[in-house]
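Per-entry structural report
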Amino acid sequence: MNIDRAARVRRMLATVSGYWLLASGCVYYNGIYNAKEAARSADALLRREAEMDANAKFQQSAAHAESVLVRHPTSPWRPRALYLAGRGAAYSGQCERAIPHLTEFLALPASAADDRNRARVALASCEFRTTKFVSARARLDSLVDLPNRETARQARLWAARTALATGDRDAVGAYLGDMDATALQWELINSSLGAGEHARAESLLTVQAARGDYREDATRVLRELWTAGRVTEVEAIVARYDVSRARDEHRAALHYGVGELNVRAGRDSVARRHLLLATSSAGRDSITAREAKARLTLLALTEVRTMRAVDSVFARLDSAARRTIYARRVQEQALLVQLLERRTDLTGASLYLAGEVARDSLRAPRLAETLFLRVARDVVTSPFVPHAYYAAALLQPDSAAEWHARLTRDFPQSSVTAYLRGDDPGARADFVSAPELLRFSWSEVARTWADSVRKLRSPARTAAPAAPARK
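Rules and cut-offs
- Residues numbered from 1 in each chain as written.
- Predicted model: local features only at pLDDT ≥ 70, side-chain atom pairs only at ≥ 80, totals over all residues.
- Heavy atoms only, no water.
- Helix = DSSP H or I, 4+ residues; strand = E, 2+ residues; numbered from the N terminus.
- Buried < 20%, exposed > 50% of the residue type's maximum accessible area, 1.4 Å probe, protein only.
- Contact = heavy atoms within 4.5 Å.
- Phe/Tyr/Trp six-rings, centres within 6.5 Å; stacked < 30°, edge-to-face > 60°.
- Lys NZ or Arg CZ within 6 Å of the ring centre and 35° of its normal.
- Axes fitted to C-alpha atoms, helices over the stretch in contact; angles between N-to-C directions.
- Left-handed = near helix turned anticlockwise from the far one by under 90°.
- Polar contact = N/O pair within 3.5 Å; in protein donor to acceptor, adjacent residues only side chain to side chain.
- Parallel < 35°, antiparallel > 145°, perpendicular 65-115°, else oblique.
- Disulfide = S-S within 2.5 Å.

Some remarks on the environment of Gly355
Along the chain, Gly355 falls in helix α19 (residues 349-360). By relative accessible area, which is 0% here, Gly355 ends up buried. On a C-alpha basis, the gap between Gly355 and Arg129 in space is 53 Å, while along the polypeptide they are 226 residues apart. Other than its neighbours up to four places away in sequence, Gly355 contacts Ala368, Leu371 and Phe372.

Structure below.
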């Protein structure tokens, strides 16, 4: 009897032990194993500087490890789950969940030194994200010289980010050393621009251009450098991208962006060169190629003098270029000029407004000059005649002295003439009446124009099928 009882106890213990081992194995394979594999993939992506992709993998790792913590809170795998859940959550930006897990893990004894160091870097990344820059930098400074090269590399990257966030851009180079940290270089470029350090941003972007490293930020950075007056430097950076290993579509985007800047600045010959390079670099059916082709064709608007000539320029656009955002916008502005030009208006306000739209929105200065001079010729009693002469003089600097002399001689009481003499234009009657007439004309035409544009933008309606004939 005692032998049988002892045998039953042994079988029971074996069964319990088997269940425990089975449960422990399920915890490992269903949670820890999947979390570890996701983290391993994420670390490989981090080494290749694919941070966005790595963050998604870290999020998966955190989710698998969290399931272990929730379903098996007393499992012997809990320390490993804390480590994986905390690190995964930290790098995927879920610091409210990461910090408690990492803090608990670091308080546990007997964990591997490499795991503890990686956890400390992850915790510092959350201190950075929550703007605790002083504690983050102090923690990271103790990790930048670790024997584990990849952990030390991550510590240096986050330390450099912390230095950037506190405005200590000079320390960034010391943290990075000769390390190839492309993503951080772009952060440093943007930070330098934000601080108005254009020379530093330009120098850093020149290095990235030589490497052929393109980001969507590149065009924006070039635009900001251009706005800061560094036009020659912008051209040099684009030239470096041209001889680098950058992809054709990226070079096309850069040439298109710089071409657009030159168009707006009235540097049409330079703009034409960049837009031609954009069309040749981009694929024939790409959006960039179509937009560049539309801009190239519509550059001719700077030379037209009549609305008929405007129509002939639009006729040169092929169907693909005509459908581009830029071409549609320009055609809408041409329609507005046409509506203002054709409006019967004895005050001359509509015709004057047509000249302003042609000059400012359509970028057709010759057409604008024609419209301004038509105000002076066709509506001789209009209060806008002196304004029209002055606007024409601005477009024709060589004739400005002649127009100004006519204003002084024929319109001595005009607010424009007062302005030219250095007197107060606000004391003249047309200083108040002219803007009122312009507002009235604009509101009348704007309604018609808005309705027309709405119809042009709406997709064409398909005709309803005819009802079957009755027999």
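Continuing now.
Section: the packing of aromatic side chains
Tallied over the full model, the rule gives 11 aromatic pairs. Arranged with centres 6.2 Å apart and planes meeting at 50°, the rings of Tyr389 and Phe411 form a pair that is tilted. Linking Tyr389 in helix α21 (residues 385-395) with Phe411 in the loop between α22 (400-410) and α23 (415-421), this pair joins segments that are 22 residues apart in sequence. Between Tyr390 and Tyr419, the aromatic rings sit 6.3 Å apart at their centres with planes inclined by 80°, giving edge-to-face as the arrangement. Taken together, the positions of Tyr390 in helix α21 and Tyr419 in helix α23 put the pair 29 residues apart, joining distant regions of the chain. A residue is classified by how much of its surface remains accessible, and Tyr419, at 52% relative accessible area, is exposed. An aromatic cluster of three or more residues is present, and its members are Phe58, Tyr91, Phe128, Phe133 and Trp158. For the cation-ring pair, Arg161 lies above Trp158, with the distance from its terminal atom to the ring centre recorded as 4.8 Å. Lying over the aromatic face of Tyr326, Arg295 brings its terminal NZ or CZ to 3.8 Å of the ring centre.

Some points on the packing of helix α4 (residues 95-107) against helix α5 (residues 113-129)
The geometry of α4 relative to α5 is characterised by a closest axis approach of 10 Å and an angle of 145° between their N-to-C directions. Once α4 is placed against α5, the crossing between them reads as left-handed. On α5, the residues that touch Cys95, Ala98, Ile99, Leu102, Phe105 and Leu106 of α4 are Asp115, Arg116, Ala119, Arg120, Ala122, Leu123, Cys126 and Arg129.

Here's the deal with the side chain of Glu235
Mapped onto the elements of the fold, Glu235 is located in helix α12 (residues 231-242). There is a polar contact of 2.9 Å between the side chain of Glu235 and the side chain of His274.

Focus on the packing of helix α16 (residues 307-315) against helix α18 (residues 325-342)
Two quantities define a packed helix pair, namely the angle between the axes and the distance from one axis to the other. Direction vectors running N to C along α16 and α18 enclose 160°, while the axes themselves pass 11 Å from each other. Taken together, the axis directions place α16 and α18 in an arrangement best described as roughly antiparallel. At the point where α16 passes α18, the crossing takes the left-handed sense. Judged by residue contacts, Met307, Val310 and Phe314 of α16 engage Val330, Gln331, Ala334, Val337, Gln338 and Glu341 from α18.

Focus on the environment of Ala165
On the secondary structure map, Ala165 appears in helix α7 (residues 149-165). A relative accessible area of 39% places Ala165 in the partly exposed class.

Description of the state of the cysteines
Counted by the stated rule, this structure contains one disulfide. The disulfide bridge from Cys95 ends at Cys126, spanning 2.3 Å between sulfur atoms. One quick way to see it: the torsion about the S-S bond of Cys95 and Cys126 is about -90°, and its sign makes the bridge left-handed. Taken together, the residues Cys95 in helix α4 and Cys126 in helix α5 connect sequence positions 31 residues apart. By relative accessible area, Cys95 is classed as buried at 6%.

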